[in-house]
Amino acid sequence: MSALVPPLLSRRRFFLWGALALLMIVLPLVFDKGYALSLMCQISIMIIFSLSYNMLLGQTGLLSFGHAAYFGIGAFATIHALNFVGKAAALPVSILPLVGGLAGLLGGVLFGYVSTKRAGTTFAMISLGIGELMASASLMFPVVFGGEAGVSGNRVIGKAVFGVNFGPQIQIYYLIAAWTFLCILAMYALTQTPLGRMANAVRDNPERAQFVGYDPQWVRFMMMILAGFFAGIAGGLSALNYEMVTAESLGGWTSGVVLMMAFVGGIGFFYGPIIGAVLISLLAIAVAGVTKAWLFYFGLFFLTMVLYAPGGIASLLAMHKRLWNAGLLLMVMPAYARVTIPLLLTFAGLVSLVEMAYQQAEVLETPLLVFGASIDVNSLAPWLIALALTAFGLVLLKLSWPRVSEAWRQVLAGINGEVAR
Amino acid sequence: MNVPALQLTDVRKSFGQTVIINGVNLIVPRGERHAIIGPNGAGKSTLFNLASARFPVTSGDITLKGESVTDLKPHQINRLGLSRSFQLTNIFTNLSVFENVRCSVLWSLNYKYSFWRRLAALRDANEQAHRVIDAIGLAHRSDTVAGILSYAEQRALEIGITIAGGADVILLDEPTAGMSKSETGDAVALIRRVTEGKTLIMVEHDMSVVFDLADRISVLVYGEIIATGTPAEIRASAAVQEAYLGTTFAEGSHD
């Protein structure tokens, strides 16, 4: 029990934040190709967006299906501000994302109060409704949303200041990176405040929160406003990055992707959505580059995570870090080795099936290559082989998986015994 | 004039056609330890839920320290200095013991919905939380996630959350339910310690706890208070005995 106030940043925290800043500065120097730069810009934007989403889902317990509304509002506000600034030169381009943030915040104020009365299904349904409302409104008011073509702008305005006019991609990257760093820092800081903690309390038990003096609706409302603010900044950065905003940015697809990123990364951890944003963005590029069925694999991957690792990548990491700290990580490795081959077999079988099915459906001109082998999808043999492979893999997996559970059981018993002693 | 801590005037509550609380009048003076007893289904928990605004009353009036609170919401009543515990443990399951208690002191220290202050820098909140955790004997479990505490520890935390904000009217709903004999003894000592100088109203089934702790007792039967008095008076009351034996009660034991 100490009455001392801990410093703003412990030494460890200071190093972590320093490392993050350094990484963001150095990365574009290492990967300086154009597509790498634009990918990093996109990932940064998605990091802010998915962290803002997790302020609702992970921290406040609000499952939203319409978070893109705030991203889109921010994006459209920023692109209009950009075009206005282009004529009047009233604001520097670097602070325009703030306009997006404020627009997102206003969106939160507008939609938040009605939707935060209850959490759970009611909130989820209302969020879906709001998302759809915004998406359809975007097609009804072409003056504001630009119809199907969207609204475009030009981020290069006026004279360059110290050679910076945000024309080259590297300059816009550093602008995005700076905003991203600030937003991560601010969202982390929020988790360490009375409101941030009471959001967790309301998530766990809204009734109890009432009986310690807090109005759960007001806590949810404020979190929603703040989440709208950060989502709006993300939208604003995306407007500057692409110099173009379409109705897609506030539609269901964008809302779905951000849910997926936060969930796959791990909603129980602050940094979970960061992992999710990076991983899903990279996977999307990598998988979409090699197969037309990439969306199908995405769905499969998401399902697998929901069923077998609902805590997300972050919780898997945290579990293994615990073993690492106890010096017991090696103890689960033999069991992992045993399931590796069944996993690979299942994977190979499933991929073959999916690829053949796509080939069959699309009647592509080029012959299908699965793992480098050319396959004729019109004969029966490859189908039978792929099916057998999948079934065989699944059976082996079923047989070998208990070893993993058993290894974990033993290791955890070891750790807990240690603690008890 | 001495304003009572809590006063219920002709309070009624029905769910649909079913009348659960049928015109309850109750005055609890400041500083009193008051127990509400009665057979199962008498409406004791409902009465608590009305007094703490968990449910709205159908009719009647409730005043807290002279101020009408009949139409307030739970968080508003709590801010006026009434705090309650629950029969079924009602805690923040994914937060640590320390966070549970700290969440319960924040409003009373006026931090409200602040998102510009650092929790770690709130000296008064942290100290008060530690004091409460010491008082409920959970100092060694401070960093444990509340959801994995033992039952008795969760009950102690439940009381800790209830008293942490410094409310001066405390409602405890069956604080010793489901406890062993020795755990009950500890719980009674704890309740006595942490409600020192406060008004305590409790629902309790364990008669040894009731007669040990209470200054006065009210007996609730079928939604009506049939007797209020000191433990000795209640023990001697024919009406109470009748109600508890349950023989001729249906014919009317109001008089």
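Keep in mind it's a predicted model, so treat the numbers as computed, not measured. (Residues numbered from 1 in each chain as written. Chains lettered and ligands numbered in written order. Predicted model: local features only at pLDDT ≥ 70, side-chain atom pairs only at ≥ 80, totals over all residues.)

A.B. asks: What should I look at first to understand the overall build of chain B in this one?
C.D. replies: When helices and strands are tallied, chain B shows nine helices and 10 strands. Compactness check: chain B gives a C-alpha radius of gyration of 19 Å against a globular reference of 18 Å for 255 residues, within 12% of the reference. Within chain B, the proportion of its 255 residues that are buried is 42%. Within chain B, residue pairs in contact and separated by at least 24 positions form 66% of the contacts whose partners lie at least 6 positions apart. (Helix = DSSP H or I, 4+ residues; strand = E, 2+ residues; numbered from the N terminus. Rg over C-alpha atoms; globule rule 2.2 N^0.38 Å. Buried ≥ 20, exposed ≤ 12 C-beta atoms within 10 Å, placed from the backbone. Contact = placed C-beta atoms within 7 Å.)

A.B. asks: Explain the overall build of chain A to me, please; I cannot follow it from the model alone.
C.D. replies: Summing up its helical and strand segments, chain A has 16 helices and four strands in all. The C-alpha radius of gyration computed for chain A amounts to 24 Å, which stays within 12% of the reference 22 Å derived for 421 residues, consistent with globular compactness. Summarising its shape, the C-alpha atoms of chain A cover approximately 70 × 65 × 45 Å along the three principal directions. Buried positions account for 41% of the 421 residues belonging to chain A. A sequence separation of at least 24 residues applies to 78% of the contacts in chain A between residues at least 6 apart.

A.B. asks: Could you clarify how one ought to interpret the nonpolar core in this entry?
C.D. replies: Nonpolar side chains in soluble globular proteins generally cluster together in the buried interior. With 167 residues, the main nonpolar core has Met198 and Phe230 of chain A together with Val219 of chain B as its most contacted residues. For this core, the element with the highest residue contribution is helix 10 (residues 216-242) of chain A, accounting for 16 residues. Residue contacts for methionine 198 of chain A: discarding those within four places in its chain leaves Ala209, Tyr214 and Val219 of chain A together with Cys103 and Leu106 of chain B. (Core = buried A, V, L, I, M, F, W, Y, C linked by C-beta atoms within 7 Å.)

A.B. asks: Just to check I follow, could you spell out the confidence of the model for chain B for this structure?
C.D. replies: In regions of low pLDDT, the predicted coordinates are not meant to be interpreted in detail. Residues and elements named next belong to chain B. For chain B, per-residue confidence averages 92 on the pLDDT scale, and 95% of positions sit at 70 or higher. Under a pLDDT of 50 for its full length, residues 247-255 has, in the predicted model, 10 contacts with residues more than four places off or in other chains. For this predicted complex, the interface confidence comes out at an ipTM of 0.92, alongside a pTM of 0.92. (pLDDT = per-residue confidence, 0-100.)

A.B. asks: Can you walk me through the sheet that holds strand 9 (residues 216-221) of chain B in this structure?
C.D. replies: Within a beta sheet, neighbouring strands are joined by backbone hydrogen bonds and run either parallel or antiparallel to one another. Residue and element names in this part refer to chain B. Overall, mixed pairing links the six strands, which are arranged 6-7-8-3-9-10 in an open sheet. Edge positions in the sheet fall to strand 6 (82-84) and strand 10 (224-229), since each of these pairs with one other strand and no more. Taken pair by pair, the neighbouring strands of this sheet meet at an average axis angle of 15 degrees, ignoring direction. For strand 6 and strand 7 (residues 169-173), the ladder comprises three bridges, and the chain directions are parallel. Looking across to strand 7, one finds that serine 83 is bridged to isoleucine 170. Packed on one face of the sheet, helix 5 (residues 151-164) meets strand 6 and strand 7 and runs near 160 degrees to strand 7. (Pairing = 2+ DSSP bridges. Axes fitted to C-alpha atoms, helices over the stretch in contact; angles between N-to-C directions.)

A.B. asks: When you look at helix 5 of chain B in this model, what are you seeing that I'm missing?
C.D. replies: For the α-helix, the turn length of 3.6 residues means that residues three or four positions removed from each other point alike. Residue and element names in this part refer to chain B. Under the 1.5 Å per step criterion, the end-to-end length of helix 5 is 20 Å for 14 residues, consistent within 8% with the ideal 20 Å. Burial in helix 5 covers these residues: Arg155, Ala156, Leu157, Glu158, Ile159, Gly160, Ile161, Thr162, Ile163 and Ala164. Looking at the buried side of helix 5, the elements it contacts are strand 6, helix 3 (97-106), helix 4 (123-135), strand 7 and helix 6 (181-194). Where helix 5 terminates, the next one or two residues include glycine 166, which has phi positive at roughly 75 degrees. (Expected span 1.5 Å × (residues − 1).)

A.B. asks: Please clarify how the sheet that holds strand 4 (residues 59-64) of chain B should be interpreted in this entry.
C.D. replies: An order of 2-1-4-5 (chain B) is seen for the four strands of this open sheet, with the pairing classed as antiparallel. Looking at which strands have only one partner, the edges of the open sheet turn out to be strand 2 (18-28) and strand 5 (67-68) of chain B.

A.B. asks: Hey, could you run me through the interface of chain B and chain A in this one?
C.D. replies: Put simply, an interface is often sized by how much accessible area is lost when its parts join up. Taken together, the contact pairs 34 residues of chain B with 27 residues of chain A. Residues belonging to the side of chain B that touches chain A are distributed by class as follows: 15 nonpolar, 12 polar and seven charged. (Nonpolar A, V, L, I, M, F, W, Y, C, P; charged D, E, K, R; others polar.)

A.B. asks: Honestly, the packing of helix 2 (residues 34-60) of chain A against helix 12 (residues 272-290) of chain A in this entry has me stumped. Any pointers?
C.D. replies: Relative orientation and spacing of two packed helices are given, respectively, by the angle between their axes and the distance between those axes. Residue and element names in this part refer to chain A. Contact geometry for helix 2 and helix 12: axes closest at 8 Å, N-to-C directions at 140 degrees. By the criterion of interaxial angle, the relationship of helix 2 to helix 12 is oblique. The interaxial crossing formed by helix 2 with helix 12 has right-handed handedness. Seen from helix 2, the contacting residues are Leu39, Gln42, Ile43, Met46, Ile47, Ser50, Leu51, Tyr53 and Asn54; seen from helix 12, they are Gly272, Pro273, Ile274, Gly276, Ala277, Val278, Ser281 and Ile285. (Parallel < 35°, antiparallel > 145°, perpendicular 65-115°, else oblique. Left-handed = near helix turned anticlockwise from the far one by under 90°.)

A.B. asks: Just checking my understanding: could you explain the environment of leucine 29 of chain A for this structure?
C.D. replies: All names here are of chain A. When you line up the elements, leucine 29 lands in helix 1 (residues 11-30). Overall, the presence of 8 C-beta atoms within 10 Å leaves leucine 29 in the exposed class. Leucine 29 sits 141 residues away from isoleucine 170 along the chain, and the two C-alpha atoms are 9.4 Å apart.

A.B. asks: Before we go on, may I ask you to explain the pairing of strand 1 (residues 6-15) of chain B in this structure?
C.D. replies: Both faces of the sheet carry side chains from a regular strand, because those side chains alternate between them. All names here are of chain B. Inspection of the sheet shows strand 1 paired to strand 4 by five bridges, in the antiparallel sense. Looking at the pairing, arginine 12 lines up with serine 59 of strand 4. Pairing between strand 1 and strand 2: eight bridges, direction antiparallel. Looking at the pairing, lysine 13 lines up with isoleucine 21 of strand 2. Here strand 1 hands over to strand 2 after two residues, with glycine 16 in that stretch at a positive phi of 65 degrees.

A.B. asks: What should I look at first to understand the packing of helix 12 of chain A against helix 14 (residues 312-325) of chain A in this one?
C.D. replies: Residue and element names in this part refer to chain A. The interhelical angle for the contact between helix 12 and helix 14, taken along N-to-C directions, is 115 degrees, at an axis separation of 7 Å. At the point where helix 12 passes helix 14, the crossing takes the right-handed sense. Residues Gly272, Ile275, Gly276 and Leu279 of helix 12 form the contact with helix 14, whose own contacting residues are Gly312, Ile313 and Ala314. When its residues are assigned to classes, the contact of helix 12 with helix 14 shows four nonpolar, three polar and no charged.

A.B. asks: It is not clear to me how the pairing of strand 10 of chain B should be interpreted in this structure. Could you clarify?
C.D. replies: Residue and element names in this part refer to chain B. In this structure, strand 9 lies alongside strand 10, joined through five bridges in antiparallel fashion. Within the sheet, the bridge partner assigned to valine 219 lies in strand 10 and is alanine 227. A loop of two residues connects strand 9 with strand 10, the two strands running antiparallel in sequence, and tyrosine 222 in this loop sits at a positive phi of about 45 degrees.

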